[in-house]
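Summary of the model geometry
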Amino acid sequence: MAADKSSSLIGVDLGGTKVAVGKIVAGVLTEQLSGKIDQSSEDPMDAVRLMRELIGQLMDPHVKGIGVGVPGLVNRDWGIVYDVLNIPNWKEIPLKSLLQEKFKVPVYIDNDANCFAMGEYRYGPHAGHDDFVGITLGTGMGSGIIKYGKLLPDAHCCSGEFGTMPYLDGIYENYTSGMYFKMKYGKDGEEVAEKAMAGDPWAIQAYREMGKHLGKAIQTILMSVDPPLVIIGGSVAKARDLFQESMWESIRQIPFPSVLENFRVEFSETEHIAIKGAAALCPVNET
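Throughout what follows, the structure given in this document is the object of discussion.

Definitions and cut-offs
Position numbers for residues start from 1 in each chain and track the written sequence from start to end. Reporting in this predicted model follows two pLDDT cut-offs: at least 70 for local features of residues, and 80 or more for side-chain atom pairs to be given and counted; totals over whole chains, interfaces and linings ignore these cut-offs and use all residues. Hydrogens and waters are ignored; side-chain quantities use all the structure's heavy atoms. Working definition: helices are DSSP H or I runs of at least four residues, strands are E runs of at least two. Numbering for both runs from the N terminus. To get the radius of gyration, use the C-alpha atoms; to get the globule rule, take the number of residues to the power 0.38 and multiply by 2.2 Å. To sort residues, take the accessible area from a 1.4 Å probe on protein chains only and compare it with the maximum for the residue type: under 20% means buried, over 50% means exposed, and anything in between is partly exposed. The Shrake-Rupley method, run with a 1.4 Å probe sphere, supplies the accessible areas, and residue values consider only the shown protein chains as cover. Residues counted as positive are Lys and Arg, residues counted as negative are Asp and Glu, and His and the chain ends are not counted. Lysine's charge is taken at NZ, arginine's at CZ, aspartate's at CG and glutamate's at CD. The pairing criterion is simple: DSSP has to find at least two bridges between the two strands. Lines fitted to C-alpha atoms define the axes, with helix axes restricted to the stretch in contact, and inter-axis angles between N-to-C directions lie between 0 and 180 degrees. Any two residues whose heavy atoms approach within 4.5 Å at even a single point are treated as in contact. Among buried residues, those of type Ala, Val, Leu, Ile, Met, Phe, Trp, Tyr and Cys that are joined through side-chain atoms within 4.5 Å constitute a nonpolar core. Here, the arc refers to the directions that run from the helix axis to the C-beta atoms. Think of a polar contact as two N or O atoms within 3.5 Å of one another; within protein, one of them needs to be a possible hydrogen donor and the other a possible acceptor, and neighboring residues in sequence only count if both atoms come from side chains.

**Notes on the overall build of the protein chain**
Along the protein chain, the regular secondary structure elements total nine helices and 15 strands. Computed over its C-alpha atoms, the radius of gyration of the protein chain comes to 19 Å, within 12% of the 19 Å expected for a compact globule of 287 residues. When its C-alpha atoms are laid out on the principal axes, the protein chain stretches across 55 × 45 × 35 Å. The 287 residues of the protein chain split such that 52% are buried. When the accessible surface of the protein chain is split by element, carbon and sulfur atoms take 52% of a total near 13400 Å². Positive and negative side-chain charges in the protein chain, numbering 27 and 37 respectively, have mean positions lying 2 Å apart.

Printed below as a string of structure tokens:
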């Protein structure tokens, strides 16, 4: 079916320091705007007003829905956002009603890791693959579970939060994300990656160790939801050449090797995945 360029979706990526908003037409990001969040503000509506201002600049009669990804928990039915990371005054925000009242189109909200998984499902190279887990590795570790072509239904938007599961003396994301390099070496992952690529032995070993821990996390994912595919994205994933080998060494230590038959790990190359993933929450066919 030919793309209907008269209809579109808007995706909103709410980060800790900025809001990015984009219009998606036939799977293509055609316009994008962003604004900085005033983290010193004590008024939670300031960030809402910024979001509405940016969305308003992209709205037109062809927009059929708005999707919003947030770094926090969400009551999907009511569209209430809880405890957004890095925005201290966002404790309980009825974001869905605040946006629907303003723009008069359906609004869908979920956490950013679930948006990553939905974006890969609709717009990535594995579009239509109806059974996989998407992992984002950045400051922390987030995950979203796609089963039967949908996000796994859950009660509190917590399914897929493998990064917060207990592991060693902490939780998985302490060992599988940028937190690992910060906590152990006092450096961010990008700096360690640059040193590793320059041949520094300690940095190379640091990424090898991170890969081993990530392999253990993937073992847990396999034993929990048994996907045939894991897709990894996020800033840390860009250094995959530094940890893929040790990651697989660790994965292969799984107690039931037969689950690895036809199992794959892929790395995301989808552009603008945060905005596209938010838009993909909308059950509206914009093509």
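Additional details are given in the paragraphs that follow.
**A look at the sheet that holds strand β8 (residues 107–111)**
The strand order β3-β2-β1-β4-β8 describes an open sheet built from five strands, whose pairing is mixed. Edge positions in the sheet fall to β3 (28–36) and β8, since each has one partner strand and no second. Neighbour-to-neighbour, the strand axes of this sheet turn through a mean angle of 20°, independent of strand direction. As paired strands, strand β1 (residues 8–14) and strand β4 (residues 63–70) are joined by six bridges and run parallel to one another. Of the residues in β4, the one forming a bridge with Val 12 is Val 68. The strands touched by helix α2 (residues 95–103) are β4 and β8; relative to β8, the strand with the most contacts, the crossing angle is about 150°.

**Considerations on the nonpolar core**
Ile 135, Tyr 207, Ile 218, Ile 232, Met 247 and Val 265 are the most contacted members of the largest nonpolar core, which has 39 residues in total. Within the residue set of this core, elements represented by two or more residues are β9 (131–137), β10 (141–147), α5 (178–185), α6 (189–197), α7 (201–225), β14 (229–233), α8 (244–251) and β15 (264–267). A total of 10 residues in this core trace back to one element, the largest contributor, which is α7. Residues in contact with Met 247, not counting those within four places in the same chain, are Gly 211, Lys 212, Leu 214, Gly 215, Ile 218, Ile 232 and Val 265.

**Topic: α5**
For α5, the full list of buried residues reads Gly 178, Tyr 180 and Phe 181. In an axial view of α5, the angular spread of the buried residues amounts to 160°, which keeps them on one side of the axis. Contacts made by the buried residues of α5 are with α4 (173–176), α6 and α7. Downstream of α5 by a residue or two, Gly 186 has a phi angle that is positive, lying close to 70°.

**Observations concerning the side chain of Ser 143**
Mapped onto the elements, Ser 143 comes out in strand β10. The exposure class assigned to Ser 143 is buried, which follows from its relative accessible area of 0%. At 3.3 Å, the side chain of Ser 143 forms a polar contact with the backbone oxygen of Gly 160. Sequence-distant contacts of Ser 143, that is, excluding residues within four places in its chain, are made with Ala 113, Asn 114, Val 133, Gly 134, Ile 135, Ser 159, Gly 160 and Phe 162.

**A word on the sheet that holds strand β5 (residues 73–75)**
One key point about sheets: their strands pair by backbone hydrogen bonds, in either a parallel or an antiparallel sense. On the basis of which strands lie adjacent, the open sheet formed by three strands has the order β5-β6-β7 and antiparallel pairing. Single-partner strands in this sheet number two, and they are β5 and β7 (92–93). Judged from the three bridges that link them, β5 and strand β6 (residues 80–82) form a sheet pairing that is antiparallel. Residue pairing for β6: Val 74 is matched across the bridge by Val 81.

Without other data, these values stay purely geometric and don't point to any function.
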